[in-house]
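Descriptive analysis of the structure
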Amino acid sequence: MSKKNTCIAIGGLLILISTCELAHAAVIRFIRVGRMWAKILDNGQFSETSGIHVNWYYPRREEFSQAVVRCSGTRFGAANWTDENGTVWPVKLAGAPYGTAGNIDNWFELPYPGEEDLTIKRYFRQRPPAITTNGFTYYYESYPLAGDVVDASQIPGTADIMTESYIRTWMGLEIRARSLAWSQKHHDDYIIYDWLITNTGNIDWDDDIELNQPIHDLYIMRQQEIFPNEGNEWSEYYGENMSDTSRIMFSTPVRMRDDPEDRYGIQRKSIVSGEDPVYSLHANFIGEGTLFVPRAYNDPTDDPSQPRMHCISGPDDLAFKHESGIRPVSDWLLVYTVMKEGYRAINPCLYMNEAFPEVDVYPNTAHDVEFPKRGMPYPEDFVTWWFWHQVASSAAGPFDLPIGESIRYVWSIVGGALKPEVAWQVYNDWEAGICTWPEWEAGGTHDLGEKYPTFKDFPQVASTSNDQAKDRWVVTGRDSMLMNNYAAQWSVRNNYNVPIPPPTPSIEVLSLDNEIRISWGSESEAAADFAGYRVYRAEGSNIYHYYKGVELGKWKMIYEVTGNNIHSYSDTSAKHGIANYYYVTAFDNGMQNGPDVYSPGGEVLESSDYINMTEYPVYPA
């Protein structure tokens, strides 16, 4: 073997060993109860090198394989920090950034309290329902795994599922990391991360306390690399104005200058060998919402002006990509300066309160001017475009945190998109040149410029009514995302007391002569306002899409029954030779359902369609 090949082989082996070590170190638990799915690591890392490559998926299409948040990270920065030897550090950094997060001395998981053999627990409100197809039983999630517990008393409010783990940093900060999710239809597009950050003074793995001092001028930075659509994308921020109703960094579709046609929101779905590429409308808007940041450790009211900074950087700015344990101290100062002052520390830029002094931007903040407001219709027009995915960052602070005191930081991953059936119809109409948007065509109040200012300033990027209509449909995904982010904020402000439907029942599907028998359990009847059941069926797939012009995976309700006397249904209309998929929901009468984010109360709710949806096709015998 040549020296060159030997070096390559050794290098590859080292990378493999390193990756295996990281993967082995991290214990992963999934959250998959709604439209947003997540991989939760016991060490709270979401980086490229944390043993998993993609962390969040949304919405239910393409078998949940659509990655929407590739990676993200959390950084802490403090000023004038004194270590156990009495050395004063002008700046101290800790945390797990979006790029590399493998230094076990910098940020590491702890044993779960009282259970030394566990590092993460997953709590369920109800036992996950069993799914049986022709004698084979499985669950919507791998269950039970070590640390899985059915115990609603341990879950704040009414969340369907919660993970909990504990993390320590070499700064002396300790984190109780919780992740919560719901299957209820108004709250199934987000996952909430509720972190309690405590200054314990413990900076290493043992139980000894090394430090007994406050942490000064603490900043918390969140970083994310989002790409919900194929190719490049804009990154934007909502929440810098005092009139904004929530706070969120998010990514949107874009068009590139050299596109031969208006491909805003159009994505290539897949390439099958020997076939032409398949395209669809992919109007995903994905973001990270900031749901709660206290004014101070001793003032636990939400500060709507936080985060005080947001900016966009390139994916390979090493000071931000790599965790502080493998970067020089000079990089610590750079990162900390950006936490305080924004990206101007690296590249000259305008902030919102400078570019738009007439707007009600929160004072003393450093929010980059958003891309659509820079007067540039294409990302290539931006001088520091990186030809690859961007990293959006936000930072909250400064905080003083005395020894033994805590601050709570709550954020979420939120999505918004068109329903798959609508997205496909819009795409097919656009491809045929007949796409319409009624309010646009009628000259109504909805102007593309309201939600996407570049359309107002640069109409040539969507010059035909067909393109304009399609683009307006795409932009509605932004509206949905903002509504879902507001719902997540509502949940936090109401102590997670979201109205919930009856539990999802277990389901058994059996192939019989000229029919398919669907049976379900009685778990749902534990709800005080239980009212009945509904059976749904899809043909050809359990995911809505078109294949070679044929509509597949369209769900239809085929049976409804009130009361609790019937627990089975014979589907005699199922066709031979056609794959059939099913799920069963339980619905209530709304009598027990209090006010919700978009309801005054009393709304009839239905259990999740995902949790007992069959994954394997069933045919009449």
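Turning our eyes to something else, we now look at the overall build of the chain. Tallying secondary structure elements over the chain gives nine helices and 33 strands in all. Of all intrachain contacts in the chain linking residues separated by at least 6 positions in sequence, the fraction that spans at least 24 positions is 71%. Entry remark: accessible area of the chain is about 24,900 Å², with carbon and sulfur atoms responsible for 52%.

Let us now look at the nonpolar core. Ranked by size, the top nonpolar core spans 90 residues in total, and within it Trp56, Tyr193 and Ile518 carry the most contacts. Counting residues per element, this core draws most heavily on strand 4 (residues 67-82), which supplies seven residues. Those residues in contact with Ile518, other than ones at most four positions away along the chain, are Ile507, Glu508, Val509, Val535, His567, Ser568, Tyr569, Asp571, Tyr582 and Val584. In terms of nonpolar packing, the next biggest core, distinct from the first, is built from 47 residues, Tyr123, Ile192, Phe250 and Trp430 among them.

When the charged atoms of two side chains lie near each other, side chains of opposite charge can form a pair. Following the criterion strictly, the structure yields 24 salt bridges and no others. Its salt-bridge partner being Lys185, residue Glu603 comes within 3.3 Å of it at the nearest N-O pair. Within this pair, whereas Glu603 is found in the segment after strand 33 (580-588), its partner Lys185 is found in the loop between strand 12 (173-181) and strand 13 (190-199), the two being separated by 418 residues in sequence. Of the residues examined, Lys185 reaches a relative accessible area of 48% and is grouped as partly exposed. The salt bridge partner of Glu606 is Arg534, with a shortest N-O separation of 3.2 Å. Taken as a pair, Glu606 in the segment after strand 33 and Arg534 in strand 28 (residues 530-539) lie far apart in primary sequence, 72 residues in all.

With that settled, the discussion passes to the layout of surface pockets. Here the largest pocket defines a volume of roughly 1,200 Å³. Looking at the lining of the largest pocket element by element, the count peaks at six residues for helix 9 (residues 465-493). Across the lining of the largest pocket, the residue classes tally to 17 nonpolar, 13 polar and 10 charged.

Between helix 5 (residues 420-431) and helix 9, the shortest axis-to-axis distance is 10 Å and the interhelical angle comes to 165 degrees. The angle between helix 5 and helix 9 falls in the class roughly antiparallel. Remark: the crossing between helix 5 and helix 9 carries left-handed chirality. Across the interface between the two elements, Val422, Val426, Asp429 and Trp430 from helix 5 touch Asn466, Asp467, Lys470 and Trp473 from helix 9.

Glancing now at the packing of aromatic side chains. Per the stated rule, a full pass over the model turns up 31 aromatic pairs. Centre to centre, the rings of Phe46 and Tyr193 are 5.8 Å apart; their planes meet at 80 degrees, and the pair counts as edge-to-face. Of this pair, Phe46 sits in the loop between strand 2 (37-41) and strand 3 (56-57) while Tyr193 sits in strand 13; the two residues are 147 residues apart in sequence, bridging distant segments of the chain. In terms of burial, Phe46 and Tyr193 fall into one category: buried. Taking the ring centre of Trp89 as reference, the NZ or CZ of Lys92 above it sits at 5.6 Å.

A separate point is the pairing of strand 15 (residues 234-238). One face of the sheet, then the other: side chains in a regular strand alternate in exactly this way. Counting buried residues in strand 15 gives five out of five residues, a clear majority hidden from the surface. Here strand 15 shows a buried face lined by Trp234, Glu236 and Tyr238 and a second buried face lined by Ser235 and Tyr237. With five bridges connecting them, strand 15 and strand 16 (residues 247-252) associate as antiparallel partners. Note that in strand 16 the partner of Tyr237 across the bridge is Met249.

The subject of this paragraph is the sheet that holds strand 32 (residues 568-571). Pairing in this open sheet of five strands is mixed, and the strands run 9-8-26-27-32 from one edge to the other. Strands with a single pairing partner mark the edges of an open sheet, and in this sheet they are strand 9 (136-139) and strand 32. Averaged over all neighbouring strand pairs, the angle between strand axes comes to 15 degrees, with direction disregarded. Sheet topology note: the strand 26 (residues 507-512)/strand 27 (residues 515-520) ladder contains six bridges and is antiparallel. Across the sheet, the residue bridging to Leu510 is Arg517, located in strand 27.

Okay, the confidence of the model for the chain next. Taken as a whole, the chain shows an average pLDDT of 86; of its residues, 86% reach a score of 70 or greater. For residues 1-24, every residue scores under 50 in pLDDT, and the model assigns this stretch seven contacts once sequence neighbours within four places are set aside. The low-confidence segment residues 61-65, where pLDDT is below 50, has 15 contacts with residues more than four positions distant or belonging to other chains.

Tracing the sequence through the fold places Ser608 in the segment after strand 33. Residue classification places Ser608 among the buried positions, given a relative accessible area of 3%. One polar contact links the side chain of Ser608 to the main-chain amide nitrogen of Tyr610, over a distance of 3.0 Å. Among the polar contacts made by the side chain of Ser608, one reaches the main-chain amide nitrogen of Ile611 at a distance of 3.4 Å. When near neighbours in sequence (up to four residues on either side) are disregarded, Ser608 contacts Val33, Ser183, Thr504 and Thr585.

By definition, the strands of a sheet pair up through backbone hydrogen bonds, in either a parallel or an antiparallel sense. Strand order across the open sheet formed by three strands is 31-28-33, with antiparallel pairing between neighbours. Unpaired on one side and paired on the other, strand 31 (556-562) and strand 33 mark the two borders of the sheet. Between one strand and the next, the sheet's axes are offset by a mean angle of 20 degrees, whatever the strand orientation. When strand 28 meets strand 31, the two strands line up antiparallel, connected through six bridges. Bridge pairing in strand 31 places Val535 opposite Tyr559.

Our next topic: empty space enclosed by the protein. Left-over empty space is what a probe sized like a water molecule reveals as it rolls over the atoms. Inspection of the entire model under this criterion finds four cavities of 30 Å³ or more. Taken as a whole, the largest cavity encloses approximately 70 Å³ of empty space. Taken together, 13 residues form the lining of the largest cavity, with Ile40, Leu41, Ala177, Ser179 and Trp195 sitting closest to its centre. Counting residues per element, the ones that place at least two in the lining of the largest cavity are strand 2, strand 11 (161-169), strand 12 and strand 13. Residues belonging to the lining of the largest cavity are distributed by class as follows: seven nonpolar, four polar and two charged.

Cut-offs applied
- Residues numbered from 1 in each chain as written.
- Predicted model: local features only at pLDDT ≥ 70, side-chain atom pairs only at ≥ 80, totals over all residues.
- Heavy atoms only, no water.
- Helix = DSSP H or I, 4+ residues; strand = E, 2+ residues; numbered from the N terminus.
- Contact = heavy atoms within 4.5 Å.
- Areas by Shrake-Rupley, 256 points an atom, 1.4 Å probe, with all protein chains shown as cover.
- Core = buried A, V, L, I, M, F, W, Y, C linked by side-chain atoms within 4.5 Å.
- Buried < 20%, exposed > 50% of the residue type's maximum accessible area, 1.4 Å probe, protein only.
- Salt bridge = Lys/Arg side-chain N within 4 Å of Asp/Glu carboxyl O.
- 1 Å grid on protein atoms, 1.4 Å probe; cavity = no way out; pocket = protein on both sides within 12 Å on 5 of 7 lines; lining within 4 Å.
- Points joined across faces, edges and corners; volume = space filled by probe spheres on them.
- Nonpolar A, V, L, I, M, F, W, Y, C, P; charged D, E, K, R; others polar.
- Axes fitted to C-alpha atoms, helices over the stretch in contact; angles between N-to-C directions.
- Parallel < 35°, antiparallel > 145°, perpendicular 65-115°, else oblique.
- Left-handed = near helix turned anticlockwise from the far one by under 90°.
- Phe/Tyr/Trp six-rings, centres within 6.5 Å; stacked < 30°, edge-to-face > 60°.
- Lys NZ or Arg CZ within 6 Å of the ring centre and 35° of its normal.
- Pairing = 2+ DSSP bridges.
- pLDDT = per-residue confidence, 0-100.
- Polar contact = N/O pair within 3.5 Å; in protein donor to acceptor, adjacent residues only side chain to side chain.

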